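# Residue-level structural notes
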Number of protein chains: 2
Amino acid sequence: MQIRPATDADFEAIWAIFQPIAVAGETYGYDRDISREQAYELWMRGPRVTYVAEREGEVLATYYLKTNQAGPGNHVCNCGYMVAPAARGQGLASDLCRHSQQLAVSLGYRAMQFNFVAVTNTTAVKLWSKLDFQTVGRLPMAFCHPTQGYVDALVMYKWLDCDPLS
Amino acid sequence: MQIRPATDADFEAIWAIFQPIAVAGETYGYDRDISREQAYELWMRGPRVTYVAEREGEVLATYYLKTNQAGPGNHVCNCGYMVAPAARGQGLASDLCRHSQQLAVSLGYRAMQFNFVAVTNTTAVKLWSKLDFQTVGRLPMAFCHPTQGYVDALVMYKWLDCDPLS
């Protein structure tokens with residue numbers, strides 16, 4: 001598997017992963033009826049970098065990395081990860097998250113923050129915890145889940161090891 | 001004092017309040033060398049609404065209100081407030097915050113969230129606490145203060161009374 005910067009030509013594959021996740025409304029703070037153009041803006045243009053994980057020419061997963069707050073907060077980045085349904089359960093999200101942490105350090109970031117992890121998204125909560133992210137906040141009823149109604153969202157945070165080679 | 005929607009003609013006065021606050025780097029997640037154009041984008045164009053507080057034709061303070069997360073998070077808004085130095089200590093931030101809460105409810109929001117309150121900004125922390133915002137998160141060393149170095153930032157949150165007339 002190769003993890004490499006995304007190009008515009010990848011966006012068709014990214015959109016095929018992205019759209020069903022947005023429509024489901026269970027994990028991301030995106031409009032469920034987001035357009036392809038809006039998704040391109042949010043995933044490809046807005047972030048500082050966007051990567052894809054590719055195997056045998058097929059894009060299986062993607063992530064973005066961006067600065068979470070400018071100015072006094074610009075040493076903390078934020079990332080989002082999406083994995084194609086057929087490629088789940090194989091550790092790709094974990095691989096991408098480790099990759100993004102190394103990239104973050106190489107870009108000069110000191111910490112990584114996830115702003116809006118629904119408590120119902122137990123896969124993500126477990127994975128980020130396993131990767132040493134701490135739950136540093138809990139937003140009461142901040143996430144409106146399509147079947148479970150208002151549920152809490154977590155803020156998860158990790159101070160990064162700032163030697164990318166260690 | 002009148003609190004009313006900001007117009008483009010107000011931006012000169014807003015920028016005069018905004019720029020020194022950004023340059024100081026003690027309270028907001030904005031670049032300290034932010035340009036007037038970027039500030040216009042962030043304060044006037046990006047948010048859903050922007051208001052000013054005016055007395056005798058003079059703009060003394062301003063706030064914006066925007067949706068904090070789209071989709072499953074779009075019932076939670078975020079606001080930012082800035083008061084001109086000469087008008088501080090008169091309760092304007094409190095007035096603006098109450099105004100913004102009423103406006104938020106009238107726009108259909110259920111909660112308000114402040115994402116990035118430096119713990120060193122004790123005036124803000126005390127004020128939001130007094131206005132019944134809860135500290136729901138603490139981001140370790142997420143704020144790089146110009147003289148105090150890395151300090152924690154708080155996430156503060158309030159579920160709004162959803163009857164705007166009460």
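This one's a predicted model, so the numbers in the text were calculated from it and none came from an experiment.

## Comments concerning the relation of the copies chain B and chain A
Overlaying chain B on chain A yields an RMSD of 0.0 Å, the required transformation being a rotation through 180° with an accompanying axial translation of 0.0 Å. Given the turn and translation reported, the copies of this chain are related as if by a two-fold rotation axis. No C-alpha of chain B approaches the rotation axis more nearly than that of Gly137(B), which lies at 1.8 Å. A shared interface surface links the copies, since 100% of the contact residues of chain B are contact residues in chain A too.

## Describing the side chain of Asn78(B)
Residues and elements named next belong to chain B. As for its position among the elements, asparagine 78 is in strand β4 (residues 76-83). Since its relative accessible area comes to 4%, asparagine 78 is described here as buried. A polar atom in the side chain of asparagine 78 sits 3.0 Å from the backbone oxygen of glutamine 113. Sequence-distant contacts of asparagine 78, that is, excluding residues within four places in its chain, are made with Tyr64, Leu65, Lys66, Asn68, Gln113, Phe114 and Asn115.

## Some words on the packing of helix α1 (residues 11-24) of chain B against helix α2 (residues 36-45) of chain B
All names here are of chain B. Running from N to C, α1 and α2 cross one another at 100°; their axes reach a closest spacing of 11 Å. Our classification of the angle between α1 and α2 gives roughly perpendicular. Along the contact surface, α1 presents Phe11, Glu12, Ile14, Trp15 and Phe18, while α2 presents Arg36, Ala39, Tyr40, Trp43 and Met44. Here the residues of the contact of α1 with α2 sort into eight nonpolar, no polar and two charged.

## With respect to the UniProt feature "domain: N-acetyltransferase" (unreviewed entry) in chain A
Those places that UniProt annotates as "domain: N-acetyltransferase" (unreviewed entry) correspond, in this numbering, to residues 1-161 of chain A. Between the C-alpha atoms that bound residues 1-161 of chain A the distance is 25 Å, and the span itself is 30% helix and 37% strand.

## Observations concerning unusual backbone geometry
Residue and element names in this part refer to chain B. Positive phi, close to 50°, is recorded for glutamate 56, a residue that is not glycine. Relative to the helices and strands, glutamate 56 resides in the loop between β2 (49-55) and β3 (58-67). Judged by relative accessible area, glutamate 56 falls into the exposed class, the value being 83%.

## Brief notes about the pattern of salt bridges
Once the charged atoms of two side chains with opposite charge are near each other, the side chains can pair. All names here are of chain A. Here the structure, examined in full by the defined rule, presents eight salt bridges over all chains. For aspartate 152, the salt bridge goes to arginine 138, with nearest N and O atoms at 2.7 Å. Separated by 14 residues along the polypeptide, aspartate 152 in strand β7 (residues 149-159) and arginine 138 in strand β6 (residues 134-145) bring together distant segments of the chain. Assessed through its relative accessible area of 19%, aspartate 152 is described here as buried. Here the salt bridges do not stand alone but share partners, grouping Arg4, Asp10 and Glu54 into one network.

## Observations concerning the environment of Val155(B)
All names here are of chain B. Relative to the helices and strands, valine 155 is located in strand β7 (residues 149-159). Looking at valine 155, the relative accessible area reads 2%, which means it is buried. Note: C-alpha distance between valine 155 and leucine 42 (113 residues apart in sequence) is 20 Å.

Calculation notes
- Position numbers for residues start from 1 in each chain and track the written sequence from start to end.
- All chains are assigned letters beginning with A, and all ligands numbers beginning with 1, in the order in which they are written.
- Thresholds applied to this predicted model are a pLDDT of at least 70 for local features of residues and 80 or more for the giving and counting of side-chain atom pairs; totals over whole chains, interfaces and linings are not thresholded and use all residues.
- Hydrogen atoms and water are omitted, and side-chain values are computed over all heavy atoms in the structure.
- What sets the superposition is a least-squares fit of C-alpha atoms, and only residues with pLDDT of at least 70 in both copies go into it.
- The contact criterion used is simple: two residues touch if any of their non-hydrogen atoms lie within 4.5 Å.
- Helix numbering and strand numbering both begin at the N terminus, where a helix is a DSSP run of H or I of at least 4 residues and a strand a DSSP run of E of at least 2.
- Working definition: with a 1.4 Å probe on protein chains only, accessible area under 20% of the residue-type maximum means buried, over 50% means exposed, and in between means partly exposed.
- Residues adjacent in sequence count toward polar contacts only when both atoms are side-chain atoms; beyond that, a polar contact is any pair of N or O atoms within 3.5 Å, and within protein one must be able to donate a hydrogen and the other to accept it.
- Here the axes come from fitting lines to C-alpha atoms, over the contacting stretch only for helices, and the angles between their N-to-C directions go from 0 to 180 degrees.
- Angular relationships are summarised with four words: roughly parallel below 35 degrees, roughly antiparallel beyond 145, roughly perpendicular across 65 to 115, and oblique for the angles in between.
- Nonpolar residues are Ala, Val, Leu, Ile, Met, Phe, Trp, Tyr, Cys and Pro. Charged residues are Asp, Glu, Lys and Arg, and all others, Gly as well, are polar.
- UniProt positions are given in the numbering used here, feature names are shortened, and annotations may be inferred rather than shown by experiment.
- Salt bridge, as used here, is a side-chain nitrogen of Lys or Arg placed within 4 Å of a carboxyl oxygen of Asp or Glu.

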